[in-house]
Amino acid sequence: MNMDENLVLNENYGKHSGKKLKMLLPEKKLKSRVRDMALEISEGYKEKDAAPIVIGILNGSFIFMSDLVREINIDVEVDFMRIASYGNATSSSGTVRMIKDINCDITGRHILVVEDIVDTGLSMNFLKNRLEQAGTKSLKFATLLMKEDTQIDFGMDYIGFNIPDKYVVGYGLDLAQRLRNLKSIYYIE
Ligand code: 5GP
């Protein structure tokens, strides 16, 4: 399969078979940008006194997170949080809740939060409020994707790509829990 092309899902994709996906970010472009982000992050933290804790936000960030930390060339620790916003398959309702908290103590530590995508910014605001109360030494935020129309009211520290306000899938991002395993990022036509 040529990964630079649009995709029509075949019969292996069950309820999504026949769905047309339009290529937004091919695998190669993702890998190269993730590598650049990781180098920038490594540079930013290498003078710090202690290894940062990189916190991935599940489920959407799991592939980005694993590619990113493997390209980071300084000492890091890894942990995960899981949050959910109520809503249907392709839009959020505005209520965020925590499903899994971090296991480690983040007081006095350098923290880098890794998200898959910022849409309304609600999840990021929720995370910021939650983590600011923990007395971290520093708190930074990275996202692979940032939607253009986001209402977020604080600056992200690391952004992979600014993308149009369309629903995207693949590279960890789901459609009703499916299609996370696609290697590139597509939007649904
Ligand atoms: P926000 O709170 O910024 O509106 O949304 C953040 C979360 O909503 C993301 O972490 C992601 O799980 C989900 N989300 C937002 N936009 C998209 C999208 O275009 N595709 C997918 N698959 N998930 C999205």
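Rules and cut-offs
Residues numbered from 1 in each chain as written. Predicted model: local features only at pLDDT ≥ 70, side-chain atom pairs only at ≥ 80, totals over all residues. Heavy atoms only, no water. Helix = DSSP H or I, 4+ residues; strand = E, 2+ residues; numbered from the N terminus. Rg over C-alpha atoms; globule rule 2.2 N^0.38 Å. Buried < 20%, exposed > 50% of the residue type's maximum accessible area, 1.4 Å probe, protein only. Areas by Shrake-Rupley, 256 points an atom, 1.4 Å probe, with all protein chains shown as cover. Lys, Arg positive; Asp, Glu negative; His and termini not counted. Charge placed at Lys NZ, Arg CZ, Asp CG, Glu CD. Contact = heavy atoms within 4.5 Å. Polar contact = N/O pair within 3.5 Å; in protein donor to acceptor, adjacent residues only side chain to side chain. Pairing = 2+ DSSP bridges. Salt bridge = Lys/Arg side-chain N within 4 Å of Asp/Glu carboxyl O. pLDDT = per-residue confidence, 0-100. Core = buried A, V, L, I, M, F, W, Y, C linked by side-chain atoms within 4.5 Å.

Describing the overall build of the protein
Scanning the protein from N- to C-terminus turns up three helices and 10 strands. The secondary structure elements of the protein, listed N-terminal to C-terminal, are β-β-α-β-α-β-β-β-α-β-β-β-β. Relative to the 2.2 N^0.38 estimate, which gives 16 Å for 189 residues, the radius of gyration of the protein is 17 Å and therefore close to what a compact globule would have. Projecting the C-alpha coordinates of the protein onto the three principal axes gives extents of approximately 50 × 35 × 30 Å. Counting only residues that meet the buried cut, the protein has 43% of its 189 residues in that class. A total of about 9600 Å² of accessible surface is found on the protein, and carbon and sulfur atoms cover 44% of it. Taken as two groups, the 25 positive and 27 negative side-chain charges of the protein have centres that lie 4 Å from each other.

Some words on the environment of Thr143
Within the fold, Thr143 resides in strand E7 (residues 138–147). For the pair Thr143 and Asp157, spaced 14 residues apart in sequence, the C-alpha to C-alpha distance is 8.5 Å. Apart from the residues lying within four places of it in its own chain, the contact partners of Thr143 are Met37, Phe64, Glu115, Asp116, Ile117, Val118, Met156, Tyr158, Ile159 and Gly160. Of note is the side chain of Thr143, whose polar atom sits 2.9 Å from the backbone oxygen of Leu145.

Concerning the sheet that holds strand E9 (residues 168–169)
Pairing within the open sheet is antiparallel, and its four strands lie in the order E1-E2-E10-E9. Either end of the sheet is taken by a strand with one partner, and the two such strands are strand E1 (7–8) and E9. Pairing of E1 with strand E2 (residues 20–25) involves two bridges; the strand directions are antiparallel. In the sheet register, Val8 faces E2, and the bridge partner there is Lys20.

What about the pattern of salt bridges?
Across all of its chains, the model carries 10 salt bridges by this definition. Two residues, Arg130 and Asp101, come together in a salt bridge whose shortest N-O distance is 2.8 Å. Note that Arg130 is positioned in helix H3 (residues 122–132) and Asp101 in the loop between strand E5 (92–100) and strand E6 (110–118), a separation of 29 residues in sequence. Judged by its relative accessible area of 23%, Arg130 is partly exposed. In this structure, Lys147 and Asp119 form a salt bridge, with 3.7 Å as the shortest nitrogen-oxygen distance. Here Asp119 lies in the loop between E6 and H3 and Lys147 lies in strand E7, a separation of 28 residues in the sequence. With relative accessibility at 6%, the residue Lys147 sits in the buried group. We classify Asp119 as partly exposed; its relative accessible area is 33%.

Looking at the confidence of the model for the protein
The predicted model of the protein averages 91 in pLDDT, with 93% of residues at 70 or higher. Mean pLDDT across the secondary structure elements of the protein bottoms out at E5, with 83, and peaks at helix H2 (residues 62–71), with 98.

Some remarks on the nonpolar core
Judged by nonpolar contacts, the single largest core of 27 residues is most densely connected at Leu68, Leu144, Leu145 and Ile185. Every element with two or more residues in this core is listed here: helix H1 (27–45), H2, E6, E7, strand E8 (158–163) and strand E10 (185–188). Element by element, the count of residues in this core is highest for H1, at six residues. Here Leu145 is in contact with Leu25, Asp116, Ile117, Val118, Phe161, Ile163, Val168, Leu173 and Ile185, once residues within four sequence places are set aside. Ile106, Ile111, Leu131 and Phe154 belong to the second-largest nonpolar core, a separate cluster that totals 20 residues.

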